[in-house]
Structure formats: C-alpha cells, structure tokens
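The chain contents come next:
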Amino acid sequence: MAPYETDDSTDAGERDELRSGRRRAARYIVPVTVVGVAAATIGLVPALADSGDPNLPKITAQQLLDKVAKSDVEQLSGTVKISTDLGLPDLGGLESSMLSGATKSGDGSSADPTGKLTELASGSHTLRVAADGPDKQKVSLLENAAEYSLIHNGKDVWGYDSQSNEVYHATTSADTSKSDETRATPKGLTDEALKSVDDTTSVTVDGTEHVAGRDAYKLLIKPKQSGTTVGTISIAVDAKTGLPLKFTLTPASGGAAVVDVGFTQLSLAKPAASTFDFKVPKGAKVTTEDSAEKAVPAPKHSTGSGPSDKGDKSLNKGGEDPTILGKGWNSIAVFETGGQGIPTGGSSSGGGDLGGFLSSLGDQVKGSFGSGTVYSTRLINALVTDDGKVYVGAVTKSALVKAADAAK
C-alpha cells in the first residue's frame, strides 16, 4: 500500500499508521442501511452545500481518516437527494418501461425493494431517511403523487407502495442486517472507497465546505493510473463527528458527476420509536417472502469507486464470481457465460431486429480475441465478445479490447 498524500512528509512509520487508519475506517460503519438494495442506493445523492467555506483547523489525510474511523453516529434522520448520470443511451422510453417492469414481474409485488429501488439508478430522487442503531432504519422514496417506504425494524423488513397499495414483508437475521450496513449512505460508499485505496491512488485533504448546515472537511481521492474512467472522488467529512455527509464521483471525461450523494437536511437526534412502526393498510395486498437471502439480496451495485487487485489470469467457467484481470483502477471483471455474445441482425446465428437494435447501442470492435460489441456509459464499460465472454470495468474501451486480447 502506498502512503496517503498529505501536505506533510511521510516516513515508514507514518505509512504504517496510514494503513492502520484505513483498516479502522473500513471497520467503523454507520448503521443507516435498510438492508439490501436500499442500502446500496441511498448513497447516490447530491448534497446541497451552504455558501461560504468554514474556517477549520488544518488536518492531514491521516487525521481525517482517523476521524472517519472513530465516527460512532448511529442515530439520525434527514433528507437525501439522489442524482445519477451514467450517460445511458436514449432508448425512447424503453429504459423507463424496463425499470417499471422490473418493479413488478410475474407474481411479485410492486413493493418488493429488489425491483422498486432500481428506479434510483437513474435521474434525480428525494429520500427521507432515519436510523436508530443497526436494527432500525427507514427509507422513503418520495414520488409525484405517491410514496414508497422500506422499513427495517428488528427481524422484520417491510416495503409499502402507496400507489398500488401493496405490501412486501420479509424477515432477516441479525447477521444479514450487519453485513448490509457497509453499504449505507455516504458513509458506506466512503468505507468501500477507502478499502480500495492502494499505491495506484492519491488521497489528500482538499479544503472545507458546508453540507446540510454542518462544517466539513473535503477528502479527495484520485487514481494515479491512466486508462480508468474514474476522475475523482470527493467526500465531505463532518468536522465534529467524522460522519461522511457527501460523496461525489466525477468521471475522467469531466462534466457532471456520475454519482452524487449527500444530505440536504440532517439531525443527529434519536428518531421517535414510532418512526419504525408499520401496520398493514386496510385492503392492501400483502406478499410475504420467507427467505431473507432471496428477498433482499446483497446488491451487486457498483459505482466504480475503488480498485480491486486479485490478479487471477484464468477465466472462470460459468462460476458466479468473475475473474479479475489487472490491478487498481484498471481492474476488469471477466464473466464466462458459456454461450454466444449479442447476435447482430445480419449474423448467421440470427438475432433479427432485436440483435440489430442491441448492436446499434454499442461499438463493434475486433482484435486477436475475435470480435464483439462495447457498451459504454460515462463510468462503466462492457465488452461482450461474440464467443460469450463479458469484460466489465471502470476503464476505457481500448483497455477492454487490450485485456481481451491478452486473455486470449
């Protein structure tokens, strides 16, 4: 691991402290999750900053990391705004229909968080959040004329969609709720980013700011490697409590943030116990899921907020876990589907209009690996080869082709 970059010189002893601080920061988490998808998606928000920067004592990156590590905030309530701009292609309303369809499919419920909260993957949204320790959390998604709420109270998880008057109920073990806490709000994304920092990364303190009426330091994370689509990650850390208040990921291509997370209003007072109570409304349709693991799966959501270094060069053969090629911010996950890639309209394998449509959304590429299609966003890019391999990473199109050629 490389030392965090600060305004001060860093010797070997300080480097050990830096590593230790990062590990502690990864262990200390704020239990603000509402399990599963909710926990992953709360953290996608632009925080509205107050005017003027606070005059705070000078602090090094290590000291700020220690402050995050020691943060013990477990009770809060407030408002969060979510903005996500991946730069997905315009599908003429198809994207909205697909998200809506994912919300309720088959005999499922529109109150099922697995589908409902996928809506947070694009656009801007407003959430009300509350937490009282690891066993009580609530997230409410405010919509035009309706509200969706997800409540975790002890072993019970309730989802309620007021528009359809449908209720979803699942139970979860203590172990499950604790594991999901790591993906909570700006704090969870911060922990994940800090765990990924290595010698491919620069970490510095970049001034101060006001967030949700509170004084905060700005922690700046930058990849040192070329070829990644990640530009910078900026984290506002509450000067008093060490609680991350804002998380912003800007792509290397510039422009608006891909992921913006932050509080617009925040209270650290204990929420009323009634906040986490839920009674099934009269006439509501109730769907029950007995398996907590199936009902509220750990999300595979990625913001590209940190590198991974596993270095296994062998491709997986249909396993659930991908093979990781490369290191740091240039890491690429490889999936072996065991089948064919996206068929084109004119391919011998058929595909017709659908194949042609899918191919039109990407760029056709060729290399020693063969041929395939690259599907691009402002952050995550994916190469689907004609022989069924999928290369995904927060890297450029040329980096994906190079990785596919090397793996071949």
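For every chain, the first residue of the written sequence is number 1, and numbering continues from 1 along that sequence. Per-residue local features of the predicted model are confined to residues with pLDDT of at least 70, and side-chain atom pairs are confined, for both listing and counting, to 80 or more; whole-chain, interface and lining totals are unaffected and use all residues. For side-chain calculations, the full set of non-hydrogen atoms in the structure is used, while hydrogens and water are omitted.

**Some thoughts on the overall build of the protein**
Filter applied, for reference: Put simply, DSSP H or I for four residues or longer makes a helix, DSSP E for two residues or longer makes a strand, and each gets a number counted from the N terminus. A simple rule labels every residue: compare its accessible area, found with a 1.4 Å probe on the protein chains alone, to the largest value its type can have, and call it buried under 20%, exposed over 50%, or partly exposed in between. Residue-level accessible areas treat just the shown protein chains as cover; the underlying method is Shrake-Rupley with a 1.4 Å probe.
The helix and strand inventory of the protein stands at 10 helices and 18 strands. Counting every position in the protein, which comprises 408 residues, the buried fraction comes to 48%. As presented, the protein carries roughly 18200 Å² of accessible surface, and 49% of it is formed by carbon and sulfur atoms.

**Digging into the environment of N153**
Convention followed: We call two residues in contact when some of their heavy atoms are within 4.5 Å.
Positionally, N153 belongs in strand 4 (residues 147-153). We classify N153 as partly exposed; its relative accessible area is 22%. As a C-alpha pair, N153 and A131 span 22 residues in sequence and 9.9 Å in three-dimensional space. Apart from residues lying up to four places away in sequence, N153 is in contact with D135, K136, F276 and D277.

**Things to note about the packing of aromatic side chains**
Here is the rule we go by: By convention, a stacked pair of Phe, Tyr or Trp rings (six-membered ring in the case of Trp) has centres within 6.5 Å and planes under 30 degrees apart, an edge-to-face pair has planes over 60 apart, and any other such pair is tilted.
By the definition in use, this model includes 2 aromatic pairs. With 5.1 Å between their ring centres and 35° between their planes, W158 and F278 make a pair best called tilted. With W158 in strand 5 (residues 156-161) and F278 in the loop between strand 11 (259-267) and strand 12 (285-289), this residue pair connects regions lying 120 residues apart in the sequence. A residue is classified by how much of its surface remains accessible, and W158, at 18% relative accessible area, is buried. Judged by centre distance (6.0 Å) and plane angle (50°), the ring pair of Y160 and F278 falls under tilted. With Y160 in strand 5 and F278 in the loop between strand 11 and strand 12, the pair connects residues that are 118 residues apart, well separated along the chain. Judged by its relative accessible area of 22%, F278 falls in the partly exposed class. Linked through ring pairs, W158, Y160 and F278 together constitute an aromatic cluster.

**Section: the pattern of salt bridges**
Put simply, the rule reads: Within this document, salt bridges are pairs made up of a side-chain nitrogen of Lys or Arg and a carboxyl oxygen of Asp or Glu, the two lying within 4 Å of each other.
With the rule as written, the count across this model stands at 9 salt bridges. We note a salt bridge from D132 to K270, for which the minimum N-O separation is 2.6 Å. Of this pair, D132 sits in strand 2 (residues 123-132) while K270 sits in the loop between strand 11 and strand 12, and the two are 138 residues apart along the sequence. Linking K246 and E209 is a salt bridge whose minimum nitrogen-to-oxygen distance equals 3.7 Å. With K246 in strand 10 (residues 244-251) and E209 in strand 7 (residues 201-211), the pair connects residues that are 37 residues apart, well separated along the chain. Accessibility expressed as a relative area gives 16% for K246, which makes it buried. Among the residues examined, E209 registers a relative accessible area of 9% and is labelled buried. The network of salt bridges with common partners includes E336, D387 and K389.

**A short note on helix 3 (residues 61-70)**
The buried count for helix 3 comes to 7 of 10 residues, which makes it a mostly enclosed element. Of the residues making up helix 3, those classed as buried are A61, Q62, L64, L65, D66, V68 and A69.

**Details of the nonpolar core**
To be explicit about the condition: The nonpolar core is taken to be a set of buried Ala, Val, Leu, Ile, Met, Phe, Trp, Tyr and Cys residues, with the residues joined through side-chain atoms within 4.5 Å.
Core analysis: the largest hydrophobic core is formed by 27 residues, its most contacted members being L219, I221, I233, I235, F247 and L249. At the level of elements, helix 3, helix 7 (185-195), strand 8 (214-223), strand 9 (230-238), strand 10 and strand 11 are the ones that each hand at least two residues to this core. The residues contacting I235, other than those within four sequence positions of it, are T190, Y217, K218, L219, I221, P244, K246 and F247. Counting 24 residues, the second largest nonpolar core, distinct from the first, contains L120, V139, L141 and L245.

**Examining the sheet that holds strand 14 (residues 332-336)**
Keep this limit in mind: Pairs of strands are assigned from DSSP output, requiring at least two bridges between the strands. Interaxial angle, 0 to 180 degrees, is taken between N-to-C directions of lines fitted to C-alpha atoms, where a helix line uses only the stretch in contact.
Spatially, 6 strands are ordered 13-14-18-17-16-15 in an open sheet, and the strand pairing comes out antiparallel. The open sheet has two free edges, formed respectively by strand 13 (323-325) and strand 15 (363-367), since each of these has just one partner strand. Direction aside, the axes of adjacent strands within the sheet are offset by 25° on average. Pairing of strand 13 with strand 14, which is carried by 3 bridges, proceeds in the antiparallel orientation.

**Quick word on the pairing of strand 5**
Within strand 5, 5 of the 6 residues are buried, which leaves it mostly tucked inside the rest of the structure. As paired strands, strand 4 and strand 5 are joined by 6 bridges and run antiparallel to one another. Along strand 5, the bridge assignment pairs Y148 with D161. With 6 bridges joining them, strand 5 and strand 6 (residues 166-171) adopt antiparallel strand pairing. Across the sheet, residue D156 finds its bridge partner in strand 6, namely T171. In this antiparallel pair of consecutive strands, strand 5 and strand 6, the connection spans 4 residues, and N165 shows a positive phi of 55°.

**Focus on helix 10 (residues 397-407)**
We apply this condition: Note: the arc covers the axis-to-C-beta directions of the helix.
Within the sequence span of helix 10, burial applies to L400, V401, A403 and A404. Taken end-on, helix 10 shows its buried residues confined to a sector of 160°, consistent with a single buried face. Opposite its buried face, helix 10 presents the exposed residues S398, K402 and A406, each directed more than 90 degrees away. Each element contacted by the buried residues of helix 10 is listed here: strand 13, strand 14, strand 15, strand 16 (370-376), strand 17 (381-385) and strand 18 (389-393).

**A few points about the confidence of the model for the protein**
What counts here: One number per residue, pLDDT, summarises how confident the predictor is, and it ranges from 0 to 100.
Overall, the predicted model of the protein reaches an average pLDDT of 74, with 66% of residues at or above 70. Throughout residues 91-106 the model reports pLDDT below 50, and contacts reaching past four residues in sequence, or to other chains, amount to 18 contacts.

**Re the sheet that holds strand 6**
Here 12 strands make up an open sheet; going across it, the order is 7-8-9-10-11-1-2-3-4-5-6-12 and the pairing mixed. Since the sheet does not close on itself, it has two edges, and those belong to strand 7 and strand 12, each with one partner. Going from strand to strand, the sheet's axes swing by 15° on average, the running direction of each strand aside. Of the pairings in the sheet, the one linking strand 2 to strand 3 (residues 136-142) comprises 6 bridges and is antiparallel in character. What sits directly across from L127, in strand 3, is L141. Of the strands in this sheet, strand 7, strand 8 and strand 9 touch helix 3, which is tilted by about 65° from strand 7.

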